[in-house]
Structures are given as structure tokens and as C-alpha cells.
Amino acid sequence: MAKFLLILFAGFIFFFQVKAQDKLYFGQTEIGMLIGKGAEQWDGTHEKRRDISLMSFHGARISRNHIVGFSVGLDQYDDISIIPFAFGYRGFLGKDGRPKIFGGLDLGIGSALLEEKVSTEWNKSWYRGGLLFSPSVGISFPARKGNTALSFSVAYKRQDLSYFQGSLIQPGAQVVATDQLPPGFNSLNETEYLYRSMVFRIGLMY
């Protein structure tokens, strides 16, 4: 799934760059901070979490103030790095050449491609990303010359994440076959995480 999205993203970039001269293409690159609760501690409490978020949105104008496209980035949750892939929308309110209010919505998946899969002769463990949902609102300030604008935005991001840890069947062991476990596993535990964050970003529209 992640490879398919990467290929689709590359296709979007190529198509939009070809059409950029017709002002069809819209791009936005942002850096920001994810603020929320960290993973639950042994005593049930949560530490505050402040992490870095990077995002690059590439879209096509379907009308003067409405844009649809695709975004990719990098989000850090505690010690876990997630690559978000999402289809997105951006809508603007205001006059050209003046500050504009804009809103956005991103819906997709977060991939744990950067997280190492640990494998020994006894067990395996890995992370798997999940669905993401992120509405946003902001304001853009156009440059005096050119087609760029400085943007400030606030977003809410909901990201699902799972951690798997399984024991492998050892040679010679007698195990009853079951379709509830992947082949080769004697047991498999899944821990689900749900990260809810407020995201404060600054970026450049072009």
C-alpha cells in the first residue's frame, strides 16, 4: 500500500510540474510542532509530548479558491517516526494580493517505514501505521512580488498506530495450527496507540 502511494505521489508531482506554467499547480511546504499526550506510563499518567512535524502538499486548482491534492511528510511521536500520506483539500477566502483565510482537510494513512523491524530466532516485533485525519485552518500573507505566500496554520491530527510483538515457533515444537496467527508464530500481541495532537505550523505557499 505504501509503495502504491509513493508511486501515485510521484505521478502527482510530475503532472503538477508540467502544468505549473498554467497556474494549475499549487504547493505548500510547512514545518511545525505536534503537541499532545505521550504514551501512557506504568502508573496511568501521560507526559506532555512536543515533537516536530514536516509536511509538503501538492495540488491542482479545481477553481479559483479550491484545491485538491496529495501530501507527504514526516511526523515524530515520542521515539516513533511516521510518514503520513494523505489526500487533501485546501480552500481560500479573500481577495488576491491580500491576506487570505484558508481551511484544509487531510485524510490518509501514516506509514512506519522508517521504524526498524526487530527479528531474532525467538521473536519478531514491528510497528504498523494506521489511519490519519487532520482538519486545519490558517491565514496566508502574499509576497509583494511573485506568486508565493507565507502561511500560518493550526491543525488537529488524529493518528492510529500499532505495535506487534510475536514469539516464533521453535524447530521440533508441536503446535496446533490456527488461522488466527500468521504462519510461523506461536503467539502474537498487538498494542494499539492513538495519538491526538494540536499542530502549529509555519510554511510557504507557491
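Here, every reference points to the structure presented above.
Residues numbered from 1 in each chain as written. Predicted model: local features only at pLDDT ≥ 70, side-chain atom pairs only at ≥ 80, totals over all residues. Heavy atoms only, no water.

Chemist: So what exactly am I meant to see when it comes to the layout of surface pockets here?
Modeler: Over the atoms, a rolling probe the size of a water molecule traces out where space has been left empty. The computed volume of the largest pocket comes to approximately 610 Å³. Around the largest pocket sit 22 residues that line it, and R61, D96, K100, N147 and T148 are the ones nearest its centre. For the lining of the largest pocket, a count of residues per class yields nine nonpolar, seven polar and six charged. (1 Å grid on protein atoms, 1.4 Å probe; cavity = no way out; pocket = protein on both sides within 12 Å on 5 of 7 lines; lining within 4 Å. Points joined across faces, edges and corners; volume = space filled by probe spheres on them. Nonpolar A, V, L, I, M, F, W, Y, C, P; charged D, E, K, R; others polar.)

Chemist: I keep staring at empty space enclosed by the protein and nothing clicks. Help me out?
Modeler: Counted according to the given criterion, the structure contains two cavities of 30 Å³ or more. Estimated volume of the largest cavity: approximately 60 Å³. Surrounding the largest cavity, M55, S71, V72, G73, P84, A86, D106, L132, S134, K157 and R201 form its lining. Going through the elements one at a time, β3 (66–77), β4 (80–93) and β7 (123–142) are the ones with two or more residues in the lining of the largest cavity. Here the lining of the largest cavity gets three residues from one element, more than from any other, and that element is β3. What the second largest cavity holds in volume is close to 40 Å³. Lining the second largest cavity are Q28, E30, M55, R90, F102, D106, S136, S153 and R201. When residues of the lining of the second largest cavity are traced back to their parent elements, those giving at least two are β1 (25–40) and β5 (100–111). Partitioned by chemical class, the residues of the lining of the second largest cavity number two nonpolar, three polar and four charged. (Helix = DSSP H or I, 4+ residues; strand = E, 2+ residues; numbered from the N terminus.)

Chemist: Looking at this structure, I do not really get the packing of aromatic side chains. What am I missing?
Modeler: The geometry of an aromatic ring pair comes down to the distance between the two centres and the angle between the two planes. The tally for this structure, following the rule as stated, stands at eleven aromatic pairs. Ring plane angle 40° and centroid distance 6.3 Å describe the contact between Y25 and Y206, whose orientation is recorded as tilted. In this pair, Y25 sits in strand β1 while Y206 sits in the segment after β9 (185–205), placing the two residues 181 residues apart along the sequence. You can call Y25 buried: its relative accessible area is 16%. The partly exposed category is assigned to Y206, whose relative accessible area is 33%. Taken together, the ring pairs connect F26, F57, F92 and F102 into an aromatic cluster. Between the NZ or CZ atom of R90 and the centre of the ring of F57, over which it lies, the distance is 4.1 Å. (Phe/Tyr/Trp six-rings, centres within 6.5 Å; stacked < 30°, edge-to-face > 60°. Buried < 20%, exposed > 50% of the residue type's maximum accessible area, 1.4 Å probe, protein only. Lys NZ or Arg CZ within 6 Å of the ring centre and 35° of its normal.)

Chemist: Looking at this structure, how should I read the side chain of S136?
Modeler: In this structure, S136 sits in strand β7. Apart from the residues lying within four places of it in its own chain, the contact partners of S136 are F102, G103, G104, V154 and A155. (Contact = heavy atoms within 4.5 Å.)

Chemist: Please clarify how the side chain of R49 should be interpreted in this entry.
Modeler: Assignment of secondary structure puts R49 in strand β2 (residues 46–63). At 4.0 Å, D51 is the nearest oppositely charged side chain to R49, a buried residue that forms no salt bridge. There is a polar contact of 3.4 Å between the side chain of R49 and the backbone oxygen of R196. In contact with R49, not counting residues within four places along its chain, are L34, I35, G36, K37, G38, Y77, D78, Y195, R196 and S197. (Lys, Arg positive; Asp, Glu negative; His and termini not counted. Salt bridge = Lys/Arg side-chain N within 4 Å of Asp/Glu carboxyl O. Polar contact = N/O pair within 3.5 Å; in protein donor to acceptor, adjacent residues only side chain to side chain.)

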